Amino acid sequence: MAEAADFQSTSRSPARRWLRRTASAIVSVPLLAGLLYVPSAPASAAEKAAESRTVDVSLDTFTPSTPVEGDTLTISGTVTNEGKETVNGAQVDLRVGSRMSSRGEIDAVAKRAGFAPANDGAALGGPYSIKIPKLAAGISKDFSIAVPVEKLGLDEDGVYQLGVSLSGRTGSTPYAQVLGIERTFLPWQPEATEKKTPVTYLWPLISSTHLSAETGSDDQQTPVFEDDDLAAELAPGGRLERLVSLGAELPVTWVVDPDLLATVDAMTGNYQVKDGNERVPGKNQAVAKQWLNALDKAVQGSKVIALPYADPDLASLAHRGKDVSGSLSHLQSATEVAESTVETILHVKPSVDFAWPVDGAVDPSIVDVATSAGADKMIARSDSIRDELPYTPTAARPIGGGTTAVVADASLSTAFQGDMTGAGVSTLAVQQFLAHTLAVTQQQPGKLRSIVIAPQRMPTTAQAQSMATAVRALSAQRWTQPSDLIEAAAAKPDDRATTKVPGARKYPAKLRKQELPVQAFQGMKTTQDTLDNFKVILTMASRVVTPFGNAINREMSTSWRGRGAPAKAYRASVQQHLLDLTTEVQLIEKSDLTLSGRSATIPVTVQNQLLQDVEHLVLRLTSTKPTRLKLNGGNAVAELPVKIAGGHSQSVKFTASANANGPVPMTAQLYTEDGKPYGKPMNFTVKVSEITPTVMLVIAGGFLLLALAGIRMYTHRKRSAAREADAEAESGTGTRTEPETSGGAARSEDPEQPSDPTPDTGAQSTDPSGQGEKVDR
């Protein structure tokens, strides 16, 4: 951003400035006199010592952040001797530097190291200096300086450099010199400007993926979480809890990932958490309810932007995924479900017109992908869509095709990145942020311009606290006024601002390296194809389609950037779980069969271990040798429809007719009604053993001989019994004995094939079966 132009001053009358300068000069007289007693070091030695910075100065508090006339500025912090020598006669001083002339100068001062007398200004001295007789190596001392703002000599409105320095002597440098300095910025605008800059601050509520594709087997489909880590973010003091608590008191635009809301909403009821191969009950329902209730109250009356479900990575999709069939349809569905999810859970109607690529970096393909899903506004950033202007233009600008780019200010958007846990780092970041906002207003005070701030997607607790401190400091509205993203997007564009989207070659290489690989989108396609093939047989498809559809959206999430291994593991777990479900409907393996006779029936058992009924399936049985064994009236292939209740199995039988002896390989395969194979084929062999007419004659002859032999034996035994009876009658002794007879004949039933489990449906006739019947051979 080229902003070399000087600020156009909004100072007060010349007489008032003359009084300020006179007072400043009077105050400076004793300070200059005091400096005469400090021996001067050679210039080269001073510069060398300044570069060494053996003492670290930390500014931990700066209050008030934006003072007005009559205020007392208090700066406190710590000085630490990081050298190896003791500092003697140390003195902490406050130094007022020059007024900044541009935003570029603010950034340059923030980066400058070492002490530069010409730029850092003279020490105020007097009561605003703190003496430290001795500061040993490795030792820290706290300090606090309170000075009325009228003593600072601020004669014009604008941004001033303030520095806190420590000077002293060491054994190797016996003369006093500045051994350490820390600079910050004082925005000085005690009275409201005529035209205030509208400022839109985005407040993101986004997290990483925690919900899996798995659900419980109960009617409520109890959700299953990959982990229970989200509870720590929702609990008091957690990252998401602080974002809601802080944002509730600020004029911000909420940017919400609907998947986060759905995940927390799932936690409010019964849920399970993966623990290795086990599932354990979740115990953080109260935390989830408390957070959702707080968020519900916080967003009422505020503007809410709903990102597509699970915050898909638009750049990855544009650069790696759009050429994989079906990838763009995921973005479309993620956009469609976003609005209803937010409205159902938060009871507000969100805007779903905005797309937010990573770091606001755009190129034509990213814009095309985002707009294909219905977004007509892009949240970009000024380090992507660059303006060569001496001032900061309005954020909104048309980029063609009815699309508006809302270009967030890069310096302000990145102001609170990095580690903000240290009070000193946070304080400097807040003051630099405030300085930039005042500088924007003073660039062209007569021209109203709207700016947008889009911070990092998932700010830490410390970063959120620093952001809130900065936004709160603007509440006096002396040079800014709050706005929302809807208003910012509708603002009148600056005619001089660029409307050209940078080419693909200008997309940051660092961001491109973090994108999801093509294989990720190919895996999503495989999962979607499996899901599409599975859902057509289900009577309650939504129990499967909804959790897996949401899981596929999560696989595209921006939160996977820089986390390639976890992303791959998540995709694999989703696909594996879906495959496990599809195998719950399967063919039961058969052993080989022996078919005796010209005709018989062949049973094939289908098992459904799902909790819902399945239908729209066809079982196809194929004879590889139809000249030897034909099916269902003389065909090589026979088909029968299949419909099975949940938790049941069904044996489906096919009629078969034999023409010749020998083995016949058979293949059974399930198909959906639209002709797509379902599951794996099952192979078995039917051994045909046909009974010929000659064999029948031989068997009949054998039966005849056996019958004749039986008649002869019966006649012989009858005659013998008669002779014995006559003999006993003549002798008059003995008893009559009845001839022995055989008991009941043995019954035989064709045993059921061991490999076919007994179907849980009743037995029927041997005619071709209908649905749900047990088929006997």
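This text follows the structure it describes.
Residues numbered from 1 in each chain as written. Predicted model: local features only at pLDDT ≥ 70, side-chain atom pairs only at ≥ 80, totals over all residues. Heavy atoms only, no water.

A.B. asks: Run through unusual backbone geometry, naming residues and quoting values.
C.D. replies: Residues Thr-63 and Pro-64 are joined by a peptide bond in cis, for which omega reads -10°. Summarising the element assignment, Pro-64 is placed in the loop between β1 (55-63) and β2 (72-81). We note that Ala-310 has phi near 75°; this positive angle belongs to a residue other than glycine. Note on placement: Ala-310 falls in the loop between β14 (304-306) and α9 (314-321). We classify Ala-310 as buried; its relative accessible area is 1%. The backbone phi angle of His-616 is positive, close to 60°, even though this residue is not glycine. Mapped onto the elements, His-616 comes out in strand β24 (residues 614-623). Judged by its relative accessible area of 33%, His-616 falls in the partly exposed class. (Helix = DSSP H or I, 4+ residues; strand = E, 2+ residues; numbered from the N terminus. Buried < 20%, exposed > 50% of the residue type's maximum accessible area, 1.4 Å probe, protein only.)

A.B. asks: How would you explain the pattern of salt bridges if you had to name every residue and give the values?
C.D. replies: Enumeration over the complete set of coordinates arrives at 23 salt bridges. Close ionic contact of Arg-239 with Glu-233 constitutes a salt bridge, the shortest N to O distance being 2.8 Å. We note that Arg-239, like Glu-233, is buried. Linked through salt bridges whose partners overlap, the residues forming this network are Glu-214, Glu-226, Lys-274 and Arg-279. (Salt bridge = Lys/Arg side-chain N within 4 Å of Asp/Glu carboxyl O.)

A.B. asks: An account of empty space enclosed by the protein is needed here, citing residue identities and associated values.
C.D. replies: All chains considered together, the criterion is met by seven cavities of 30 Å³ or more. Estimated volume of the largest cavity: approximately 80 Å³. Surrounding the largest cavity, Ala-306, Leu-307, Pro-308, Leu-331, Thr-335, Ala-338, Val-352, Phe-354, Ala-355, Ala-370, Ala-373 and Ala-375 form its lining. Elements supplying a minimum of two residues to the lining of the largest cavity: α10 (327-346) and β15 (354-355). With three residues, α10 is the largest single contributor of residues to the lining of the largest cavity. A per-class count over the lining of the largest cavity returns 11 nonpolar, one polar and no charged. Roughly 70 Å³ of internal volume is contained in the second largest cavity. Lining the second largest cavity are 12 residues, with Ser-382, Thr-392, Pro-393, Val-407 and Asp-409 sitting closest to its centre. For the lining of the second largest cavity, the elements supplying multiple residues, two or more each, are β18 (403-408) and β19 (451-453). Along the lines of polarity and charge, the residues of the lining of the second largest cavity split into seven nonpolar, two polar and three charged. (1 Å grid on protein atoms, 1.4 Å probe; cavity = no way out; pocket = protein on both sides within 12 Å on 5 of 7 lines; lining within 4 Å. Points joined across faces, edges and corners; volume = space filled by probe spheres on them. Nonpolar A, V, L, I, M, F, W, Y, C, P; charged D, E, K, R; others polar.)

A.B. asks: Before we move on, can you summarise the environment of Thr-335 with the specific residues and values?
C.D. replies: Looking at the element boundaries, Thr-335 is found in helix α10. As a C-alpha pair, Thr-335 and Ala-373 span 38 residues in sequence and 6.7 Å in three-dimensional space. If we ignore the near neighbours within four places in the chain, the residues touching Thr-335 are Pro-308 and Ala-373. (Contact = heavy atoms within 4.5 Å.)

A.B. asks: Just give me the short version of the nonpolar core, but keep the residues and values in it.
C.D. replies: One finds Phe-534, Ile-602, Leu-619, Leu-621, Leu-629, Met-666 and Val-686 to be the most contacted residues of the largest nonpolar core, which totals 76 residues. Non-local contacts of Leu-619, meaning those with residues more than four positions away in its chain, are made with Leu-587, Val-604, Val-606, Ala-638, Glu-639, Leu-640, Val-642, Val-652, Phe-654, Ala-668, Gln-669 and Leu-670. (Core = buried A, V, L, I, M, F, W, Y, C linked by side-chain atoms within 4.5 Å.)

A.B. asks: Tell me what's going on with the packing of helix α7 (residues 258-267) against helix α8 (residues 285-299), and back it up with residues and numbers.
C.D. replies: Relative orientation of the contacting elements α7 and α8 amounts to 135°, with a least axis distance of 8 Å. Comparing their axes, α8 and α7 come out oblique. You can see that α7 and α8 cross each other, and the crossing is left-handed. Across the interface between the two elements, Leu-260, Leu-261, Val-264, Asp-265 and Met-267 of α7 pack against Gln-285, Ala-288, Trp-291, Leu-292 and Leu-295 of α8. Grouping the constituent residues of the contact of α7 with α8 by class yields eight nonpolar, one polar and one charged. (Axes fitted to C-alpha atoms, helices over the stretch in contact; angles between N-to-C directions. Parallel < 35°, antiparallel > 145°, perpendicular 65-115°, else oblique. Left-handed = near helix turned anticlockwise from the far one by under 90°.)

Purely spatial values, then, with no claim about function.
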